[in-house]
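The lines below spell out each chain.
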Amino acid sequence: MVGYGPNKGLVPKLCDRLFQAIRENQDTRQCQVFFSMLEIYNEQVVDLLSRGSRTPGGLRVREEQQRGFYVEALRTVPCDGATQVEQLMEQGTRTRTTAATNMNANSSRSHMLIILQLKQIFSKESITKQSNINLVDLAGSERQRSSGSEADRLKEGAAINLSLTTLGNVISSLADVAVGKKVVHIPYRDSVLTKLLQSALGGNSRTLMIATLSPADICYEESLSTLRYAERAKRIQNRAVVNESPTERLVKELKAENARLLQRLSRLGHEGRRANDETKELRQLLTHNELQIRAIQTLWEQHLQEALKDWEQQYANITQERRMMQMHPYVLNINEDAQLSGVVKLFIEEGDWHIGLCDSSPRSISIKGLGIQERHAVFRNEQRRVTLTPLAGSKVIVNGNTVFHPTELQHLDRLILGSNCTYLFIGYPSERGGDDWSRYDYDYFQSELAAAEGIHLGDSSAGSSHTDPSLLAVFYDYVKLMPMVAEANQMSQELDKGVQFKLEIKNLALSDSKGHDLQKELVVRVTSLGSKQVWMWSKAKFVNRKFLMEDAYQQHHVENSGDNRIEGLSTAASSRDKDPFWDPMEPVLLGTAHLWLQSLAFRIPLEEQLEVHLSVLIDEHSQICFIISCWQVLGSEGTEEAILQAQLLPCTSTGFPMGEDDILIDPSELLGRRLDFQLLLEQCCGLRWIREVRNRGVQIGFRLFNCLQPLYSPAVWHNVNPLLDHRVHFASLLTSQRLLDYLQSSAVVLELWGLQEGCTDLTSSLEGVRMTTEGIFIIEEAGLTDPALVDSPELGFSSRALQRDLEQLQSVNASLRKENQSLREQLNAARTGGEGVHGRSLRPSCDAEFARSLKVFYHSMTSVRGQLQRLRRRRPSEESDLLGLRLFVDEQNRLLRDFSEQLEQSVSTLKQDVAAIVRRKRERSGIWS
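Residues numbered from 1 in each chain as written. Predicted model: local features only at pLDDT ≥ 70, side-chain atom pairs only at ≥ 80, totals over all residues. Heavy atoms only, no water.

## Details of the overall build of the protein
Moving on, step 1. A tally of regular secondary structure across the protein gives 19 helices and 36 strands.
Moving on, step 2. Burial analysis of the protein (929 residues in total) assigns 41% to the buried set.
Moving on, step 3. For the protein, contacts bridging at least 24 residues in sequence account for 66% of all contacts bridging at least 6.
Moving on, step 4. Accessible surface, the protein as shown: approximately 52,300 Å² in total, 50% of it carbon and sulfur. (Helix = DSSP H or I, 4+ residues; strand = E, 2+ residues; numbered from the N terminus. Buried < 20%, exposed > 50% of the residue type's maximum accessible area, 1.4 Å probe, protein only. Contact = heavy atoms within 4.5 Å. Areas by Shrake-Rupley, 256 points an atom, 1.4 Å probe, with all protein chains shown as cover.)

Dropping the structure here:
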């Protein structure tokens, strides 16, 4: 709307054309232009051209029968050229920047209204035309929507959303009127914005709305909504007529009254009457009216002269600022809104200068913002060298790193004071050269901060072209939310809420049941410092709450200023239900563990052997080491949350475990047969969640195959190493190829949920789940269970044909099994009574030997897989120095050697077993042929 730099906005371009048209028509009419600039933030009106301090609660919006709604005490400045308008816009932008910094407001959530009043005076025709041009820059609608389906118990600040919502309702009502619908009420009065734009929306005006769209596919829904919004606005039909100024109406009335008075005077003179008293009274009235007319006509010139004096003073200030820029170093403000960057310049002259909230000292630089102390830091300009010294308790960041000692500043150094007051240091003119300052924008500052915290994507070279898109999106979200988290922490501290916010990347090291990486998301971990309670907020929820925190902070700021108390504001603390820093307790997902189901396809029990080293020392050179069957539960960022002992056991329909003779060589043998197995959760060890706070609990959640809702184990509380002893029996009554494919390529994901005081236990939803009377969960049944499919005649016929084929295959399979059993009996008889036995002991079948070999190999490969996962997730500590990195590399090399040896040993063992089985089979073939 305003633009910045060489990119002029709509307002400067419109003013250029307006004053060009005035110059071209100055012979036929006299034109007067008045300029006003205001901002609507949180339903409060701020005059951006005001010379005084900001009015608490904002300016009042009043209504007059003739004028309609107007802003009381709004400054209106006469202008005689486009240059003067640009200077006024620059002044308004400066005020907007300062106000946004002081009150911790976000300019993208405020509406800016520029009012140009144009008055045309036609002397010959004695006609005056007056019109108002309202130029509105609406708050970005993308800030008002909540992504995803998550609903927050606290809606985004009602006052923030009110203007846009009411504007949409007004446009919808006016569009309905335009198409002939009967509308009882048009809600102009529901918001400040629609009050001031009443005449522009549905009155005596011509209105133009510009809807901007994003070409990004992720903004499809938003773009479609914007187009629908604009389509409704197109239906509104306004009828504009010539406006008659109230001043012009008064002048006309005075002139008409003067004409009547002159007529009476002449009539009295002709009649020759001696009505001296009446004549004297009429002449006095005539003189008063003429003085009024003259005063009204000279009012414009006086206003113009006053505005000219203000403009000259402002021009002098600008000239002085430019002269200072060529003499001294200074810091330049950097704002999230590019058009507000570079507006504030703080000059650092020779000597020591205190910067902070203090403004009484003659050698102080006053700034305001979150986290700014009374005396925050000291700039020292000595011998053309500038140093910055943080004072006790203040937060100062230089080039992304927190500093605690005096630091010499270099040209184009980046400074962050307090939570998020960002400045760019500009050195002496001799140091500046031809550097491009434009690249040091707000995003550059935040990316530098993120890189200092270890969050970066590297250079934009060839290597970065293969970056995961979801990780790239998370990186930009991280950079965007970093300053908001810093501000939220500062507000929590100043409001004494005792809540700490921290950014975390969800699913950074987690995968789904297929082993594919999960979509990365950004979440905010909220921790109560007193009770140690934890919440996990999504990005959308945090942004919503951040806006509500700003409202609470602003109200607290106003209530605690002794001179600016607003009538009706309560100083009492807000109730917990309306507190944006608090939420009801909910379970927290701590991490996941994967149990791969491939062994079930062979009816082999799943056990992973994991070495767990306990810190129990026998002497100074040894420690106790246990080998147990367990699984690592990894947190969202790859940290170990616990050790979970779990097993997958193939079993009979009655729950008894199967033996080695039941192991299958080919999983396809399960087709059409029943498959039973049990998931056994034995114990959870080393729970970090409960080790931190004892009054917590945990539950294990999981889902399998086509189970729509997860199942949960019973909750256990107050124990770091709780016994779970939870067993679940699953059964497939008729194993299909789809289930076999699932078993061979998927894992059951065990989710570790953290419970805390005040939240309810997670319960298993059995809706849509079929269970037997023995408590067995049926994951696949014989026949079709979907009523929609059964009702279809064609599918029903195909189903019956497949059922007949299946029965035939089962019959053939049964006869083959009988034949196989008969052959085994003959073979056993031949072993015990034949000539070639020679006292040899009974040998198991080759199939059983091969099955045992596969079982050993599978277990060893499971251990190898676990070792590989640990290698992938090992990361050096962020605080590691060069020696620490060398030790990490040596340890990594040792683990890689162990992994290679373990893998080679597993493959070699399998080869030897297979070779021995083949050799024995050939020997038997030679004997028994």
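On we go.
## A word on the side chain of Glu 321
Moving on, step 1. Its location among the elements puts Glu 321 in helix α8 (residues 276–325).
Moving on, step 2. Using a relative accessible area of 17% as the deciding quantity, one classes Glu 321 as buried.

## Brief notes about the confidence of the model for the protein
When pLDDT drops low, the exact placement of atoms in the prediction is not to be read closely.
Moving on, step 1. Mean pLDDT over the protein: 78, with 76% of residues reaching 70 or higher.
Moving on, step 2. Low pLDDT, under 50, characterises residues 459–465; the stretch is placed with two contacts to residues that sit more than four places away or in other chains. (pLDDT = per-residue confidence, 0-100.)

## Describing the sheet that holds strand β15 (residues 385–390)
Moving on, step 1. Overall, mixed pairing links the five strands, which are arranged β13-β12-β14-β15-β18 in an open sheet. The open sheet has two free edges, formed respectively by β13 (364–366) and β18 (407–408), since each of these has just one partner strand.
Moving on, step 2. The pairing of strand β14 (residues 377–382) with β15 spans six bridges and is antiparallel. From the neighbouring strand, Ala 377 faces β15, where its bridge partner is Pro 390. (Pairing = 2+ DSSP bridges.)

## Digging into the side chain of His 111
Moving on, step 1. By the element assignment, His 111 lies in strand β8 (residues 111–122).
Moving on, step 2. Excluding residues that lie within four positions of it along the chain, His 111 makes contacts with Leu 38, Glu 39, Ile 40, Asp 137, Leu 138, Ala 139, Ser 163, Leu 164 and Leu 193.

## Let's talk about the pairing of strand β22 (residues 521–528)
Moving on, step 1. Counting buried positions along β22 yields six of eight residues, so the element is predominantly enclosed.
Moving on, step 2. As judged from the eight bridges shared by strand β21 (residues 499–506) and β22, these two strands associate in the antiparallel manner. When the bridges of β22 are listed, Phe 501 appears paired with Val 526.
Moving on, step 3. The sheet contact formed by β22 and strand β23 (residues 534–538) spans five bridges and is antiparallel. If you follow Thr 527 over to β23, its bridge partner there is Val 534.

## Digging into the pairing of strand β30 (residues 696–702)
Moving on, step 1. Buried residues dominate β30, accounting for seven of its seven residues.
Moving on, step 2. Neither face of β30 is open: one carries Arg 696, Val 698, Ile 700 and Phe 702, the other Gly 697, Gln 699 and Gly 701, and all of them are buried.
Moving on, step 3. One ladder, built from six bridges, connects β30 with strand β34 (residues 747–756); its direction is antiparallel. For Gly 697, the partnering residue across the bridge sits in β34 and is Leu 755.
Moving on, step 4. Where β30 lies against strand β32 (residues 716–717), two bridges are found, and the strand directions are antiparallel. The residue of β32 that forms the bridge with Gly 697 is Trp 717.
Moving on, step 5. Pairing of β30 with strand β31 (residues 711–712), which is carried by two bridges, proceeds in the antiparallel orientation.

## Overview of the nonpolar core
Moving on, step 1. Leu 648, Phe 702, Phe 730, Leu 750 and Leu 752 are the most contacted members of the largest nonpolar core, which totals 49 residues.
Moving on, step 2. In terms of residue count, the dominant contributor to this core is strand β29 (residues 675–685) (five residues).
Moving on, step 3. Not counting chain neighbours up to four residues away, the residues in contact with Phe 730 comprise Leu 675, Asp 676, Phe 677, Leu 679, Phe 702, Leu 704, Leu 711, Ile 776, Phe 777 and Ile 779.
Moving on, step 4. Val 485, Leu 503, Met 585 and Cys 759 belong to the second largest nonpolar core, which has 47 residues in total. (Core = buried A, V, L, I, M, F, W, Y, C linked by side-chain atoms within 4.5 Å.)

## What to know about the sheet that holds β22
Moving on, step 1. Spatial ordering of the open sheet is given by β21-β22-β23, a layout of three strands whose pairing is antiparallel. Each edge of the open sheet carries a strand with a single partner, namely β21 and β23. With direction set aside, neighbouring strand axes in the sheet form an average angle of 30°.
Moving on, step 2. With respect to the sheet, helix α12 (residues 539–559) is in contact with β21, β22 and β23, its orientation differing from that of β23 by roughly 100°. (Axes fitted to C-alpha atoms, helices over the stretch in contact; angles between N-to-C directions.)

## A word on the environment of Thr 287
Moving on, step 1. Along the polypeptide, Thr 287 turns up in helix α8.
Moving on, step 2. Considered as a pair, Thr 287 and Asn 258 are 29 residues apart in the sequence and their alpha carbons are 9.0 Å apart.

## Thoughts on the pattern of salt bridges
Moving on, step 1. The final tally for this structure, using the stated rule, is 22 salt bridges.
Moving on, step 2. For the salt bridge of Lys 497 with Asp 579, the shortest nitrogen-to-oxygen distance reads 3.5 Å. Of the two residues, Lys 497 is situated in the loop between α11 (469–494) and β21 and Asp 579 in the loop between α12 and β24 (588–596); the sequence distance between them amounts to 82 residues.
Moving on, step 3. Classification of Lys 497 as partly exposed rests on a relative accessible area of 29%.
Moving on, step 4. We note a salt bridge from Arg 894 to Glu 891, for which the minimum N-O separation is 2.5 Å. (Salt bridge = Lys/Arg side-chain N within 4 Å of Asp/Glu carboxyl O.)

## Things to note about a nonpolar patch on the surface
Moving on, step 1. Together, Leu 10, Leu 208 and Ile 210 give the surface a local cluster of nonpolar side chains, amounting to about 350 Å² of exposed area.
Moving on, step 2. Mapped onto the elements of the fold, Leu 208 is located in the loop between α5 (198–202) and α6 (220–234). (Patch = residues over 30% accessible without salt bridge, like charges linked within 9 Å, V, L, I, M, F, W, Y side chains within 5 Å.)

## Points about the packing of aromatic side chains
Moving on, step 1. For the structure on display, the rule yields nine aromatic pairs.
Moving on, step 2. On the numbers, 5.9 Å between centres and 55° between planes, the contact of Phe 501 with Phe 542 is tilted. You can see Phe 501 sitting in strand β21 and its partner Phe 542 sitting in helix α12, a full 41 residues away along the chain.
Moving on, step 3. Taking relative accessible area as the criterion, Phe 542 reaches 0% and is therefore assigned buried.
Moving on, step 4. For the ring pair Phe 730 and Phe 777, a centre distance of 5.8 Å and an interplane angle of 40° mean the geometry is tilted. (Phe/Tyr/Trp six-rings, centres within 6.5 Å; stacked < 30°, edge-to-face > 60°.)

## Some details on α6
Three or four residues apart is the spacing at which side chains of an α-helix point the same way, because the helix has 3.6 residues per turn.
Moving on, step 1. Between its terminal C-alpha atoms α6 stretches 21 Å, which fits the 21 Å expected from 15 residues at 1.5 Å a residue.
Moving on, step 2. Burial in α6 covers these residues: Glu 222, Ser 223, Ala 230 and Ala 233. Angularly, the buried residues of α6 cover 100° about the axis, an arc narrow enough to put them on a single face. In α6, those exposed residues whose orientation departs by more than 90 degrees from the buried face are Tyr 220, Glu 221 and Arg 228. (Expected span 1.5 Å × (residues − 1). Arc of directions from axis to C-beta.)

## A closer look at helix α15 (residues 737–745)
Moving on, step 1. Regarding α15, the residues found buried are Leu 739, Leu 740, Tyr 742 and Leu 743. Seen along its axis, α15 keeps its buried residues to an arc of 160°; they face one direction.
Moving on, step 2. Where α15 is buried, its residues touch α13 (598–601), β29, β33 (723–732), β34 and β36 (777–780).

## A word on the environment of Phe 899
Moving on, step 1. Turning to its location among the elements, Phe 899 is positioned in helix α19 (residues 882–928).
Moving on, step 2. Note on Phe 899: relative accessible area 17%, which makes it buried.
Moving on, step 3. Remark: the alpha-carbon pair of Phe 899 and Leu 871, spanning 28 residues in sequence, is separated by 9.0 Å.

## Overview of the state of the cysteines
Moving on, step 1. With the rule as written, the count across this model stands at zero disulfides.
Moving on, step 2. Summary of cysteine pairing: Cys 15 is not part of a disulfide, and the nearest cysteine sulfur, belonging to Cys 79, is at 7.8 Å.
Moving on, step 3. With no disulfide of its own, Cys 684 lies closest to Cys 685 among cysteine sulfurs, the gap being 6.9 Å.
Moving on, step 4. Judged by relative accessible area, Cys 684 falls into the buried class, the value being 0%. (Disulfide = S-S within 2.5 Å.)

## Here we look at unusual backbone geometry
Moving on, step 1. With a phi close to 55°, Gln 383 is a non-glycine residue in the positive phi region.
Moving on, step 2. Of note, Gln 383 is situated in the loop between β14 and β15.
Moving on, step 3. For Gln 383, a relative accessible area of 68% gives the class exposed.

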